[in-house]
Amino acid sequence: MLKKGSKLNSILTGTCPKCQKESMYLDKNPYHLSNVLKMHEKCSHCGLTYQIEPSFFYGAMYVSYGVNVAIGIAAFIISYVFCGASMKTAFIAIVATLIILGPMVLRWSRNIYINMFVHYDPNFKA
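Note that the coordinates shown come from a computational prediction; the quantities given were computed from them, not determined experimentally. (Residues numbered from 1 in each chain as written. Predicted model: local features only at pLDDT ≥ 70, side-chain atom pairs only at ≥ 80, totals over all residues. Heavy atoms only, no water.)

## As for the overall build of the protein chain
1) Next: In terms of helices and strands, the protein chain carries 3 helices and 0 strands.
2) Next: Along its sequence from the N terminus, the protein chain presents helices and strands in the succession α-α-α.
3) Next: Expressed along its principal axes, the backbone C-alpha trace of the protein chain runs to roughly 55 × 30 × 25 Å.
4) Next: Residues classed as buried in the protein chain amount to 37% of the 126 residues present.
5) Next: Taking the intrachain contacts of the protein chain between residues at least 6 apart in sequence as the baseline, contacts between residues at least 24 apart amount to 59%.
6) Next: Charge centroids of the protein chain, computed over 12 positive and 5 negative side chains, lie 7 Å from each other. (Helix = DSSP H or I, 4+ residues; strand = E, 2+ residues; numbered from the N terminus. Buried < 20%, exposed > 50% of the residue type's maximum accessible area, 1.4 Å probe, protein only. Contact = heavy atoms within 4.5 Å. Lys, Arg positive; Asp, Glu negative; His and termini not counted. Charge placed at Lys NZ, Arg CZ, Asp CG, Glu CD.)

Have a look at this one:
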């Protein structure tokens, strides 16, 4: 499932979608908030330019919205349905989950977005 060449591997690890040999981000820890969205300009292995066109990653905002909605629904179902929490506690669980996972969602949405346009190339030779 997370083998090299799969989109899921590139999305979850934040590696280059074309060669999957290098992280796209300057700092691998998404919780260093000052560097959460700072990326390399190009992959040092395959030369892929991550900023495909000006303002390319603005489209990732739509992906981020969808991911946040899915996480919020999951947090509600887990807290309200499975744990039997009150509506107020379930709302607090949703907000807390979205705040805690916020930096990761920012990166996941960028990773998902670039993987929609760039595909893994197993025959690429650096």
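## Considering helix H3 (residues 87-117)
Turn by turn, an α-helix covers 3.6 residues, leaving residues three or four places apart pointing in a common direction.
1) Next: At Gly102, H3 shows its maximal kink, close to 60°; a proline, Pro103, follows between one and four residues later.
2) Next: Those residues of H3 that fall on the buried side of the exposure criterion are Ala90, Ile94, Pro103, Val105, Arg107, Ser109, Arg110, Asn111, Tyr113, Ile114 and Asn115.
3) Next: Elements in contact with the buried residues of H3: helix H1 (7-13) and helix H2 (60-82). (Bend = angle between axes of the 7 residues up to and from the residue.)

## Concerning H2
1) Next: For H2, built from 23 residues, the straight-helix expectation of 33 Å at 1.5 Å per residue is met to within 8% by its first-to-last C-alpha distance of 31 Å.
2) Next: Residues Ala60, Val63, Ser64, Val67, Ile71, Gly72, Ala75 and Ser79 constitute the buried set of H2.
3) Next: Turning to H2, the residues buried within the fold contact H3. (Expected span 1.5 Å × (residues − 1).)

## Some points on a nonpolar patch on the surface
1) Next: A contiguous nonpolar patch, built from Tyr65, Val69, Ile73, Ile77, Ile78, Tyr80, Val81, Phe82 and Met87 and spanning about 930 Å² of accessible area, is present on the exposed surface.
2) Next: For the nonpolar patch, the leading source of residues is H2, giving 8 residues.
3) Next: As for its position among the elements, Val81 is in helix H2. (Patch = residues over 30% accessible without salt bridge, like charges linked within 9 Å, V, L, I, M, F, W, Y side chains within 5 Å. Areas by Shrake-Rupley, 256 points an atom, 1.4 Å probe, with all protein chains shown as cover. Salt bridge = Lys/Arg side-chain N within 4 Å of Asp/Glu carboxyl O.)

## What about unusual backbone geometry?
1) Next: Not every positive phi belongs to a glycine, and Gln20 is a case in point at roughly 55°.
2) Next: Within the secondary structure, Gln20 is located in the loop between H1 and H2.
3) Next: Although it is not a glycine, Ser55 adopts a positive phi angle of roughly 60°.
4) Next: Along the polypeptide, Ser55 turns up in the loop between H1 and H2.
5) Next: By relative accessible area, Ser55 is classed as partly exposed at 43%.

## Side note on the packing of aromatic side chains
1) Next: Under the counting rule described, the total for this entry stands at 5 aromatic pairs.
2) Next: Centre to centre, the rings of Phe56 and Phe57 are 4.9 Å apart; their planes meet at 75°, and the pair counts as edge-to-face. This pair shows no difference in class: Phe56 is buried, exactly as Phe57 is.
3) Next: With a centroid separation of 5.0 Å and 45° between ring planes, the pair formed by Phe56 and Tyr113 is classed as tilted. Separated by 57 residues along the polypeptide, Phe56 in the loop between H1 and H2 and Tyr113 in helix H3 bring together distant segments of the chain. Here Phe56 and Tyr113 have matching classes, each one buried.
4) Next: Put simply, the rings of Phe56, Phe57, Tyr113 and Phe117 touch in pairs and so form one group of aromatic residues. (Phe/Tyr/Trp six-rings, centres within 6.5 Å; stacked < 30°, edge-to-face > 60°.)

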